[in-house]
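An overview of the molecular structure
Read off the chains here:
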Amino acid sequence: MAARKVHPVRTLIVFAVVVAALFGSMAALKVWTPRLGLDLRGGTTITLTAENVTGGGLIDPNSLEQARSIIEQRVNGLGVGEAEITTSGDRQIVVAVPNVGQDELVELVGTTAQLRFRPVYTMESVTPAVDPNAEPTAEPEDGNNRPAPGLPTAPPEPLAPRPSTEGAEGATAPDQALAWQPSEQDLSDFAQWTCGQEFPDVADQPLFSCDEAGTTKFLLGPTIISGEQVTDAQSGIPQGQFEWVVSLEFNSEGSAQFEEATRQLAAKSSPQNQFAIVLDGNTISAPSVDQAIPGGQAQISGSFTQASAESLAQVLRYGALPLSFTVDSVDTVSPTLGAEQLNAGLIAGAVGLLIVLAYCVLYYRALALVVFSTLSLAAVLTYQAMVLLGPVTGFALNLPAVAGAVVAIGLTADSFVIFYAKIRDEVQAGRTLRSAVETGWDKSKRTILIANAVSLLSAVVLFILAIGAIRGFAFTLALTTVIDLAVAFWFTKPLMTLLARTQYFGSGKHRFSGLSADHMGVRGLPGRRPATAGEEA
């Protein structure tokens, strides 16, 4: 049977064109560095635990996924890239966002955003509660002017139990909300209720609420319009004004309800001609109405800054969360710490590479050049893949991914070790060096394929079962395994074929070539393939 013809130069040229094309893709996309994950770039990770809005019980998986989707839309609305919002277990959501402040992110993702429009029945001015964490003011120098210390006040008496779910006794239908009148119990409870006390925010029940400053408390009727009927929310400063507002748009049903509600409110006297805009139980604004408002649009005004107006518009734009959440943990990584971790990972990779190269120089001698070239090319391809996968798939390099790349150093070196061992076996069997390279490759590539297939399978299984940053390790391990196969087949093998044809490596006379007769375990390299094993004598 005719010997198979090999074209190592052609293979190397094609492979070089592929590498150059990848560099060209990087230039076309204008990206030269990989995206960094949260643990390397710096950012905030928040773990949220879900609870039903109406109380305890099991969490509906569909509600948890809906909440994850809404939180993802809110976070994406910030304009930050590489955010990762995932569910964990049966009631947790993990939010990881780079370059966003901790307080801002907690407020954004933890706000339930239950928006309701309620009629105002009555309102009272109150004294804001003293912040127990506030620092005491400096004492005046004149001791005679010191105010007398305040006497401790008794805690407020507990209110009568209130329904915590819709449809309970005393519920009011939405079309009757404007005609609602408080009971004697409602008025008595409102008189003793203070800002800061919890009160259930149930759509078809009255609500005790305070403004954001805690200087006014409101007795509000049942909900007349819910936030579900808001189709859009935008923040801005209206023309001719100086304060930030949030503009709302309603759907057709909400528009009709809003116009009818404002028509009825306009006929009443103050404060019952006001409606309160309530977000998560807090009264954001309580404007008065002097005429019906058609068109399905409304404005929320108040003590807004640009940041608070944009934040409110954002949470209203994407809707209310179907679940309430408590913040279990908040972890922040500074960019400085991320850079230190990246440097540590790169140092670990460099140390591993030097150890492998030192061993190769001692054992394989000049063939260590092949190992060095193979590892260098694999590193270049891995870097190119990480850079290009960033803008294409959103891949971000994290610390576990760096660990996966370091592990790949050993995998790439293993392929050459297997190949070299088979070449040595073939030479000892009596083949010429050129023939031993080809037959040794035929026998070793099966082992290389199986070994890499096991690594690839392990990486895929780990990627499927793992969550969070561990997926970075699995993905990088799979990526480098595929790259190792490509380098072994289309670079290492053709390069060994070319070296076997040179005088220095192919003659077997140079003891530091790595292919000398004594290093191959034979007395001398045969110039031609022997017919039988007995001809060796």
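Residues numbered from 1 in each chain as written. Predicted model: local features only at pLDDT ≥ 70, side-chain atom pairs only at ≥ 80, totals over all residues. Heavy atoms only, no water.

As enumerated under the stated definition, the model contains 10 salt bridges in all. Residue D201 is joined to R118 by a salt bridge in which the shortest nitrogen-to-oxygen separation is 2.9 Å. Of this pair, D201 sits in the loop between α5 (184-192) and β5 (207-210) while R118 sits in strand β4 (residues 115-125), and the two are 83 residues apart along the sequence. The buried category is assigned to R118, whose relative accessible area is 0%. Put simply, D442 and K445 hold a salt bridge, and the shortest N to O gap is 3.9 Å. Of this pair, D442 and K445 both sit in helix α11 (residues 433-465), 3 residues apart, which is roughly one turn of the helix. D442 sits in the partly exposed class, given a relative accessible area of 27%. On the basis of relative accessible area, K445 is assigned to the partly exposed category, the value being 26%. (Salt bridge = Lys/Arg side-chain N within 4 Å of Asp/Glu carboxyl O. Helix = DSSP H or I, 4+ residues; strand = E, 2+ residues; numbered from the N terminus. Buried < 20%, exposed > 50% of the residue type's maximum accessible area, 1.4 Å probe, protein only.)

Cis geometry marks the peptide bond from S270 to P271, where omega comes out at 5°. Tracing the sequence through the fold places P271 in the loop between α6 (252-266) and β10 (275-279). Located in the positive-phi region is K30, a residue other than glycine, with phi close to 60°. Take K30: it is sitting in the loop between α1 (8-29) and α2 (38-41). Under the relative-accessibility criterion, K30 is labelled exposed at 72%. In this structure, R365 is a non-glycine residue whose phi angle is positive, near 60°. Take R365: its relative accessible area is 22%, and that puts it in the partly exposed class.

A few words now on a nonpolar patch on the surface. Side chains of L457, V460, V461, F463, I464 and L465 sit close together on the surface and give an oily, nonpolar patch of about 580 Å² of accessible area. Checked against the element boundaries, F463 lands in helix α11. (Patch = residues over 30% accessible without salt bridge, like charges linked within 9 Å, V, L, I, M, F, W, Y side chains within 5 Å. Areas by Shrake-Rupley, 256 points an atom, 1.4 Å probe, with all protein chains shown as cover.)

Let us look at the state of the cysteines. The full count for this structure, using the stated rule, is 1 disulfide. Covalent S-S linkage joins C195 and C210, the inter-sulfur distance amounting to 1.7 Å. Between C195 and C210 the sulfur-sulfur dihedral comes to about -80°; the bridge is accordingly left-handed. Remark: C210 occurs in strand β5 and C195 occurs in the loop between α5 and β5; sequence separation between them is 15 residues. Classification of C195 as partly exposed rests on a relative accessible area of 23%. We classify C210 as buried; its relative accessible area is 8%. (Disulfide = S-S within 2.5 Å.)

What follows covers the nonpolar core. Inside soluble globular proteins, nonpolar side chains tend to come together where they are buried. If you look at the biggest cluster of nonpolar residues, it comprises 49 residues, and the most contacted ones within it are L367, F416, I423, V487 and M496. Among the elements that line this core, the one with the most residues is helix α9 (residues 368-393), at 10 residues. If sequence neighbours within four positions are ignored, L367 has contacts with F416, Y420, M496, L499, F505, S513, G514 and L515. Of all hydrophobic cores here, the second largest spans 27 residues; its members include A177, L178, L279 and I300. (Core = buried A, V, L, I, M, F, W, Y, C linked by side-chain atoms within 4.5 Å. Contact = heavy atoms within 4.5 Å.)

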